[in-house]
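Residues per chain, in single letters:
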Amino acid sequence: MSEMAAAPSTVEKPPAPPRGWTRERIFGTALVALWAVAGLGLLAFLVNAWNPELFQKYAPAYLSGLGVTLALVGISVTAGAVLSIPIAWMRMSKNKVLSAIGYGYVYFFRGTPLIAQAFLVYYGLGSFRDQLEAIGLWGFFREAWNCAIFAFTLNTAAYQAEILRGAIQSIGRGQWEGAAALGLSKFQTVRKIILPQALIVALRPYGNEIILMIKGSAIVAIITVYDLMGETRRAYSRTFDFQTYLWAALIYLAIVETLRHTIEWIERRLTKHLKR
Amino acid sequence: MPIMKRLALAASAAAIAASFSAANAQETLKIGTEGAYPPFNNLTADGKLVGFDVEIAEALCEEMKVECEFVTQDWDGIIPALQAGKFDAIVASMSITPERMEQVNFTDPYYVNSLVFIAPKDSDMDPSAVGNMVIGVQEGTIAAIFAEETYPDADLKAYPTQLEAWSDLDTGRVDAVLADFGVQYDWINSDDGACCEFKGDPVSSDDRIGIALRKDETELRDRFNTAIKAIRENGTYAEINKKYFPFDIYGE
């Protein structure tokens, strides 16, 4: 682990390389300048296209869409986290049947597009209305919102199970053996020794998964749940004004940036003891 | 040798140029349509585009003596795609509205439409008492806008295509679907739509359907208008009309 990777404390700093205007540097600077110009252009476009009437008309719709997106991702990521625990456990199980089920689940949900899963849950299950009514589940699947949560939870659970499994398996065998030598039960070992280390490893992949879900949720309007993207498309289909999409992009960007910084902050806090 | 080579190159260049100009002699028009709006424009199981709009467009192209090529495009992006030059005309049962007129030019109407509700046969849905019912519409259509303005208390569910709105009517997720008369007529007379029937009279009528063109294409618009008149007069229109509807859809 990190103790082993520790370098001797006295290392000469290599001399700074000469900073002339190499070809790479000119190219890189030009590229950055190009991006900056494009960004400024975009900003200028937004300022120029600013239309208070449009804003007044559609801002509430965007806000409600944003709320839908955040609630949808929040609920399904949380429910998916709970569901991912048994799946990861099955996936790591020595029992062939259990591990095959876990593998099959992850294989299916990672291997097919989220849009197809949402469509299948909403319209596909909808055609089994009589059977669902017979077992009393139609009340749940009747609502588009429930279908969206259901599909998204199943999907993210597959990804999260893999994150969890990878993180747990990244913890060295020595930790398990050491815990066993101290007479800790399996449950205690997992809870007190393995998970605290594994979750640090899993933190960034979890953050990525949430970010992917935020962006992936943009397809949910096909099953009539009007999230941020759905409201954007609606506004666009009424106004034919491209800035509707630009605003949506900026809002998504802001959410993702906020999340990224939050995750980074959490990681800095959690890994304080590993820094030297 | 170099001279021979050069000659060969020149000859092939000439051949390419010749084939280009041959292609130009027959003008090609790209027609944009949705492909999910039976019986006006929809894709068959083997991917062929069929329907009233498609046949009308084909008849108009024949009348104008141009080659026509169809492009399918999602409804909510169909006007931007026209403006971006992905195709030259939209023949997709598009209603002529003031909002759309700001973006595109329309030809004379090639049929007239009305909005009408359908609901399951055993439902006592009444268009004059919508209240807080769940109403299915297709997003970006005049039905969606009409319902939003007319039934503020209703729970509106907007679908990407008309087919999904019907599918949810079938499952009972929506109480009624509001859409164009022509599509609704075709659906309730199909096996899938056997569950449902018209409820009440059309809630809005005299909605004219035209072909959308880019703003600057006035010459093309005139040609389309002449062609529409021509197929009305020579009976082609009536023939196509008869294939799809037992009533006159043109409306004077």
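Residues numbered from 1 in each chain as written. Chains lettered and ligands numbered in written order. Predicted model: local features only at pLDDT ≥ 70, side-chain atom pairs only at ≥ 80, totals over all residues.

## Examining the interface of chain A and chain B
Frequently, the measure chosen for interface size is the accessible area removed from exposure when the parts meet.
Here is step 1: Counting residues at the interface gives eleven residues for chain A, matched by 16 residues for chain B.
Here is step 2: Within the residue set of the side of chain A that touches chain B, elements represented by two or more residues are helix 5 (114-126) and helix 11 (228-239) of chain A.
Here is step 3: The biggest single contributor to the side of chain A that touches chain B is helix 11 of chain A, with three residues.
Here is step 4: Looking at the side of chain A that touches chain B residue by residue, the classes come out as three nonpolar, four polar and four charged. (Contact = placed C-beta atoms within 7 Å. Helix = DSSP H or I, 4+ residues; strand = E, 2+ residues; numbered from the N terminus. Nonpolar A, V, L, I, M, F, W, Y, C, P; charged D, E, K, R; others polar.)

## Quick word on unusual backbone geometry
Here is step 1: Of the consecutive residues Pro38 of chain B and Pro39 of chain B, the connecting peptide bond is found in the cis state with omega at 0°.
Here is step 2: Along the chain, the position of Pro39 of chain B falls in the loop between strand 2 (36-37) and strand 3 (41-43).
Here is step 3: Within the chain, Thr224 of chain A stands out as a residue other than glycine whose phi angle is a positive 65°.
Here is step 4: For Thr224 of chain A, the position within the fold is in the loop between helix 10 (186-216) and helix 11.

## What to know about the packing of helix 3 (residues 52-92) of chain A against helix 11 of chain A
Residue and element names in this part refer to chain A.
Here is step 1: Following both chains from N to C, one finds helix 3 and helix 11 inclined at 155°, their axes separated by 7 Å at the closest point. With respect to their mutual orientation, helix 3 and helix 11 come out roughly antiparallel. On the side of helix 3, the interface is formed by Leu54, Tyr58, Ala61, Tyr62, Gly65, Leu66 and Thr69, while helix 11 contributes Leu228, Gly230, Glu231, Ala235 and Thr239. (Axes fitted to C-alpha atoms, helices over the stretch in contact; angles between N-to-C directions. Parallel < 35°, antiparallel > 145°, perpendicular 65-115°, else oblique.)

## Quick word on the sheet that holds strand 2 of chain B
Residues and elements named next belong to chain B.
Here is step 1: Pairing is antiparallel in the open sheet, where three strands are placed in the order 2-3-4. Of all the strands in the sheet, just strand 2 and strand 4 (49-50) have a single pairing partner and so form its edges.
Here is step 2: Direction of pairing for strand 2 relative to strand 3: antiparallel, over a ladder of two bridges. Its bridge partner lying in strand 3, Ala36 is registered against Asn42. (Pairing = 2+ DSSP bridges.)

## A closer look at the packing of helix 2 (residues 52-64) of chain B against helix 8 (residues 218-233) of chain B
Residues and elements named next belong to chain B.
Here is step 1: Running from N to C, helix 2 and helix 8 cross one another at 105°; their axes reach a closest spacing of 9 Å. Between helix 2 and helix 8, the angle falls in the class roughly perpendicular. Contacts from Ala59, Leu60, Glu63 and Met64 in helix 2 reach Arg223, Phe224, Ala227, Ile228, Ala230 and Ile231 in helix 8.
Here is step 2: Here the residues of the contact of helix 2 with helix 8 sort into eight nonpolar, no polar and two charged.

## Structural notes on the domain arrangement of chain A
Here is step 1: Domain boundaries in chain A define domain 1 (22-51) and domain 2 (53-274).
Here is step 2: Of note, the centres of domain 1 of chain A and domain 2 of chain A, computed from C-alpha atoms alone, are 34 Å apart. (Domains from an automatic or database assignment.)

## Structural notes on the domain arrangement of chain B
Residue and element names in this part refer to chain B.
Here is step 1: Taken domain by domain, chain B comprises domain 1 (28-112 + 208-244) and domain 2 (113-206).
Here is step 2: Just the C-alpha atoms count here: the centres of domain 1 and domain 2 sit 24 Å apart.
Here is step 3: Each partner contributes to the interface: domain 1 provides 13 residues, whereas domain 2 provides 13 residues.
Here is step 4: Only strand 2, strand 6 (89-95) and strand 8 (111-120) provide two or more residues apiece to the side of domain 1 that touches domain 2.
Here is step 5: Looking at the side of domain 1 that touches domain 2 residue by residue, the class counts come to nine nonpolar, three polar and one charged.

## What to know about the pairing of strand 6 of chain B
All names here are of chain B.
Here is step 1: With respect to burial, strand 6 is a largely interior element, six of its seven residues being buried.
Here is step 2: Across four bridges, strand 6 lies against strand 12 (residues 196-213) in antiparallel orientation. Looking across to strand 12, one finds that Ser95 is bridged to Ile209. (Buried ≥ 20, exposed ≤ 12 C-beta atoms within 10 Å, placed from the backbone.)

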